[in-house]
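Geometric and topological summary
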Amino acid sequence: ECPGTGSAQAGKAAACQGCPNQGLCAAGAAGPDPAEAAELRERLRAGRHTVLVLSGKGGVGKSTVSAALAHGLAAQQDKQVALLDVDICGPSIPKMMGLEGEQVHQSGSGWSPVYVEENLGVMSVGFLLSSPDDAVIWRGPKKNGLIKQFLRDVDWGELDYLIVDTPPGTSDEHLSLVQYLGATHITGAVIVTTPQEISLQDVRKEINFCHKVKLPIIGVVENMSGFVCPKCKNESQIFPPTTGGAEKMCQNLNVSLLGKVPLDPQIGKSCDRGQSFLSEAPESPATLSYRNIIQRIQEYCEQHHFQEEKII
C-alpha cells in the first residue's frame, strides 16, 4: 500500500517500486515546502469548497461535466464560483465557456481570472497560448510549476466553489494538485465515467488513487448514459453497460453514484458555441440529471463543511 506522500517512507517503501511518482516523492518534491504552503493557504483561504473533477479515462466528458457544474452553481446569484482548467495539454474550457481568444491580465494582487458572469471566473492555460491550435509540449516539472502558479497567483477573491477540471490519468498533475491543495483544503472529487467496461477499468484506478492519497470521493457521474431521442423520447444504449455500468461499480466499491447524464446532441452544440447547456435546454433529461447531481454535490459540501466546523 502507498505510504502516503507525507510519510518519511514516501518513495522509499517497497510499495513505491514501479510507481511513476516514486522519484518525486523520494526527493520530497511531491508537495509544497512550508513557505509555499503558507502562500497557498493565504491565497486560497477565501475558498469554501474545492471540488476536483477526475477520471482515469480520457474522452469521458470531464470538461463538459466541469463546465456544467460551474454554470449550474453560478446560476445561484448568491454563489461565487471559479473554474480552474489544469488540463494543460488539452485546455478545452475556454471554448466551452465562450472565452476563446481572451487573455490573462496581471494586477497588483496577481493574475485576474476571465469572467463569464460576475460570479463565474475562469482560468486556463488556453488563455496563455497565442493560438488555440498551439501544442503545449512540456515535461512534468513545467506542468507542475504552472499548476502551482495558478493556485498561488490567481486572485479569485471570495469563493463558494472552486471547480478544478483535470487531465485524464493519475500522474504528476494529479499528485501536484492533491499536495498543493492539501496545504489548504479539498472538499472532494467528482469522478466521471461512461457506462462501458473499457472506461470503468481506468476509473477504478482513479478511485484507488483517491483512496491512496486520502482524497475524499463525493461520488461518480455516469456520462453518456444512454441516448434519449429529442423527437420520440425513446432511450437507446449507445455505450452498453456490459458489466453493470457505474451503478454496479459504485455498489462494489462502496462509492456514491451521483447520477447518470444521457447523451443529448444539444450538449455538443452548446459547448461548441460556448453557451450553458443548462440554460439552452432547460427541459432536457440531461439538464434535469445535471441539476440533481449539482444538488447532491451541494448537499455533500454543506454537510462536509458543517462537520468540519463542529470539529473546529
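What you see as residue numbers is a count from 1 along each chain, following the sequence as written. Owing to the predicted nature of the model, reporting of local features is limited to residues with pLDDT of at least 70; listing and counting of side-chain atom pairs is limited to 80 or more, with chain, interface and lining totals taken over all residues. For side-chain calculations, the full set of non-hydrogen atoms in the structure is used, while hydrogens and water are omitted.

In the annotation of an unreviewed UniProt entry, the entry for the protein reads NUBP1 factor, and the organism field reads Serilophus lunatus.

**Notes on the overall build of the protein**
Looking only at helices and strands, the protein features 11 helices and 11 strands. For every residue, the accessible area obtained with a 1.4 Å probe (protein chains only) is divided by the maximum for its type, and the residue is called buried under 20%, exposed over 50%, and partly exposed between those limits. Residues counted as buried form 50% of the 312 residues belonging to the protein. By definition, residues are in contact when any of their heavy atoms lie within 4.5 Å. In the protein, 75% of the contacts between residues at least 6 apart in sequence involve partners at least 24 apart. Working definition of accessibility: Shrake-Rupley area with a 1.4 Å probe, residue cover restricted to the visible protein chains. For the protein, the accessible surface area stands at approximately 14600 Å², while carbon and sulfur atoms represent 49% of it. Elements are defined by DSSP. Helices are runs of H or I of four residues or more, strands are runs of E of two residues or more, and each kind is numbered from the N terminus.

**Section: the pairing of strand 8 (residues 188-193)**
Buried residues dominate strand 8, accounting for six of its six residues. Burial of strand 8 is two-sided: the residues Gly188, Val190 and Val192 facing one way and the residues Ala189, Ile191 and Thr193 facing the other way are all buried. The rule for pairing is simple: two strands pair if DSSP sees at least two bridges between them. In this sheet, strand 9 (residues 217-228) lies alongside strand 8 in parallel orientation, the contact comprising five bridges. Each residue of the ladder has a partner; that of alanine 189, found in strand 9, is isoleucine 217.

**What to know about the packing of aromatic side chains**
Planes of paired rings set the category: under 30 degrees apart is stacked, over 60 is edge-to-face and the rest tilted, where pairs are Phe, Tyr or Trp rings (Trp by its six-membered ring) whose centres lie within 6.5 Å. One pass over the full model with this rule turns up one aromatic pair. Look at tryptophan 111 and phenylalanine 150: their rings are 5.8 Å apart centre to centre, the planes differ by 70°, and that puts the pair in the edge-to-face class. Here tryptophan 111 is found in strand 4 (residues 110-112), whereas its partner phenylalanine 150 is found in helix 5 (residues 140-153), with 39 residues between them in sequence. Judged by relative accessible area, phenylalanine 150 falls into the buried class, the value being 0%.

**Side note on helix 7 (residues 197-212)**
Under the 1.5 Å per step criterion, the end-to-end length of helix 7 is 23 Å for 16 residues, consistent within 8% with the ideal 22 Å. Three or more residues of helix 7 are buried, namely Ser199, Leu200, Val203, Glu206, Ile207, Phe209 and Cys210. One side of helix 7 carries all its buried residues, which in axial view fall inside an arc of 165°. Of the exposed residues in helix 7, those oriented more than 90 degrees away from the buried face are Ile198 and Lys205. Among the residues trailing helix 7, lysine 214 stands out with phi positive, at a value near 60°. By this rule the span expected of a helix is its residue count minus one, scaled by 1.5 Å. Think of the arc as the fan of directions from the helix axis to the C-beta atoms.

**Notes on the side chain of threonine 50**
Within the element layout of this structure, threonine 50 appears in strand 1 (residues 47-54). Look at threonine 50 and you get buried, because its relative accessible area is 7%. If near-sequence neighbours (up to four positions away) are discounted, threonine 50 is found in contact with Leu162, Val164, Leu181, His185, Ile186, Thr187 and Gly188.

**Description of the packing of helix 7 against helix 8 (residues 245-253)**
Contact geometry of helix 7 with helix 8 gives a least axis separation of 11 Å together with a crossing angle of 35°. Here helix 7 runs over helix 8; the crossing is right-handed. Residues Leu200, Val203, Arg204 and Ile207 of helix 7 pack against Gly245, Ala246, Met249 and Leu253 of helix 8. For helices, the axis comes from a line fit to the C-alpha atoms of the stretch in contact; other axes are also lines fit to C-alpha atoms, and the angle between any two N-to-C directions lies between 0 and 180 degrees. We call a crossing left-handed when the near helix sits turned anticlockwise from the far one by less than a right angle, and right-handed when that turn is clockwise.

**A closer look at helix 6 (residues 172-182)**
Residue pairs spaced three or four apart in an α-helix point in one direction, given the helix's 3.6 residues per turn. The buried fraction of helix 6 is high, at nine of 11 residues. For helix 6, every residue scored as buried is listed here: Glu173, His174, Leu175, Ser176, Leu177, Val178, Gln179, Tyr180 and Leu181.

**Side note on the environment of leucine 181**
Mapped onto the fold, leucine 181 is located in helix 6. By relative accessible area, leucine 181 is classed as buried at 0%. As for leucine 181 and threonine 50, which are separated by 131 residues in sequence, their C-alpha atoms are 8.6 Å apart.

**Some thoughts on the pattern of salt bridges**
Think of a salt bridge as a Lys or Arg side-chain nitrogen and an Asp or Glu carboxyl oxygen that are within 4 Å of each other. Tallied over the full model, the rule gives eight salt bridges. Of the charged contacts in the structure, one is a salt bridge between lysine 95 and glutamate 100, with a shortest N-O distance of 3.4 Å. For glutamate 100, a relative accessible area of 43% puts it in the partly exposed group. Lysine 260 serves as the salt-bridge partner of glutamate 247, at 3.2 Å between the closest nitrogen and oxygen. With glutamate 247 in helix 8 and lysine 260 in strand 11 (residues 257-263), the pair connects residues that are 13 residues apart, well separated along the chain.

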